[in-house]
Amino acid sequence: MPSRKPRRDFLTRTLAVAPWVVAASLSWPTGSLLLFGEPKRGKLRIPLAQIQEGITPILSAKLYIRKAGDSITVLDAHCTHMGCTLHYDTDNRVFNCPCHHSRFDDEGHRLKGPARRDLDRIAHVVTGDAIVIG
Ligand code: FES
């Protein structure tokens, strides 16, 4: 009859380590922010020809560009609640958060919580034929 001791040892060791693994994975986003600061985008140059009227996603840089006539706004694609990446709903012209269902209009104004503030606007300059961000 096989001994149950190895299985019990395995379970004991696994259960001893599991809380630390869970704690580390839950604290990584906050810890990395404290250790390394805000993630940097670097300088980004986007040709104006790529920007359509309405919302243009630049998801490689986690931002959305809103163009309304001559007005250009660059919005951070991170939800202001806990930082999840927002999805733009073109039919309803709103940004939806998949994590806790906050909603923002296409100008970045908060429509529904739990987020408590509007989307962050990213500083940019329009130079000739491009938008320069960062
Ligand atoms: S992270 Fe968007 S609602 Fe919580």
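Residues numbered from 1 in each chain as written. Predicted model: local features only at pLDDT ≥ 70, side-chain atom pairs only at ≥ 80, totals over all residues. Heavy atoms only, no water.

1. Some words on the pairing of strand 10 (residues 130-133)
The condition is simple: Any residue under 20% of the maximum accessible area for its type is buried, any over 50% is exposed, and the rest in between are partly exposed; the area is computed with a 1.4 Å probe on protein chains only. Put simply, DSSP marks the helices as runs of H or I at least four residues long and the strands as runs of E at least two long, and each gets a number from the N terminus on. Here the rule is simple: two strands pair whenever DSSP picks up at least two bridges between them.
The side-chain alternation of strand 10 yields two buried faces, one formed by A130 and V132 and the other by I131 and I133. Where strand 1 (residues 44-47) lies against strand 10, four bridges are found, and the strand directions are antiparallel. Looking across to strand 10, one finds that I46 is bridged to I131. Pairing analysis gives four bridges linking strand 9 (residues 124-127) to strand 10, with the strands arranged antiparallel.

2. A short note on the sheet that holds strand 1
Sheet strands associate in pairs through backbone hydrogen bonding, adopting either a parallel or an antiparallel arrangement. Formally: Axis definition: a line fitted to C-alpha atoms, limited for helices to the stretch in contact. Angles are taken between N-to-C directions and run from 0 to 180 degrees.
Taken together, the three strands give an open sheet; going across it, the order is 1-10-9, and neighbouring strands pair in antiparallel fashion. The open sheet has two edge strands with one neighbour each: strand 1 and strand 9. Strand-to-strand twist across the sheet, computed as the mean angle between neighbouring axes with direction ignored, equals 20°.

3. So, the pairing of strand 2 (residues 54-58)
As paired strands, strand 2 and strand 3 (residues 63-68) are joined by five bridges and run antiparallel to one another. The residue bridging G54 from the neighbouring strand is K67, located in strand 3. Here strand 2 hands over to strand 3 after four residues, with K62 in that stretch at a positive phi of 55°.

4. Quick look at the packing of aromatic side chains
The condition is simple: The criterion for an aromatic pair is that two Phe, Tyr or Trp rings (for Trp, the six-membered ring) have centres within 6.5 Å, with stacked assigned to planes under 30 degrees apart, edge-to-face to planes over 60 apart and tilted to the rest.
Summed over all chains, the structure comprises three aromatic pairs. Put simply, the rings of Y64, Y88 and F95 touch in pairs and so form one group of aromatic residues.

5. Comments concerning the state of the cysteines
The cut-off we apply is this: The definition used for a disulfide is geometric: two cysteine sulfur atoms within 2.5 Å.
For the coordinates displayed, the defined rule picks out one disulfide. For C84, the disulfide goes to C99, at an S-S distance of 1.9 Å. Around the S-S axis, the bridge from C84 to C99 shows a dihedral of about -100° and counts as left-handed. You can see C84 sitting in the loop between strand 4 (71-76) and strand 5 (87-89) and its partner C99 sitting in the loop between strand 6 (94-96) and strand 7 (103-105), a full 15 residues away along the chain.

6. Some words on unusual backbone geometry
Between G113 and the following residue, P114, the backbone shows a cis peptide bond with an omega angle of 25°. Its place among the elements puts P114 in the loop between strand 8 (110-112) and strand 9. At R93, a residue that is not glycine, the phi angle is positive and equals roughly 55°.

7. Details of the sheet that holds strand 3
Strand order across the open sheet formed by three strands is 2-3-4, with antiparallel pairing between neighbours. Only two strands of the sheet have a single partner each, and these edge strands are strand 2 and strand 4. The mean angle between the axes of side-by-side strands here comes to 20°, regardless of whether they run parallel or antiparallel. Where strand 3 meets strand 4, six bridges bridge the pair, whose relative direction is antiparallel. Bridge pairing links K67 to I72 in strand 4.

8. Here we look at the side chain of S102
We apply this condition: We define a polar contact as two N or O atoms separated by no more than 3.5 Å, with the added condition that, inside protein, one atom must be a possible hydrogen donor and the other a possible acceptor, whereas residues neighbouring each other in sequence contribute only through side-chain atom pairs.
Here S102 shows up in the loop between strand 6 and strand 7. Overall, the relative accessible area of 1% leaves S102 in the buried class. A polar contact is formed between the side chain of S102 and the backbone nitrogen of A115, at a distance of 2.8 Å.

9. Section: the nonpolar core
Selection rule: We call a set of buried residues a nonpolar core when its members are Ala, Val, Leu, Ile, Met, Phe, Trp, Tyr or Cys and they connect through side-chain atoms within 4.5 Å of each other. Working rule for contacts: check all heavy atoms of both residues, and any pair within 4.5 Å makes them a contact.
Of all hydrophobic cores here, the largest spans 12 residues; its members are I55, Y64, L75, A77, C79, C84, L86, F95, C97, F104, A115 and L119. Discounting residues that sit within four places of it in the chain, F104 has contacts with C79, T80, L86, V94, F95, H109, R110, L111, A115, R117, D118 and L119. Of all hydrophobic cores here, the second largest spans 11 residues; its members include A61, L63, I131 and I133.

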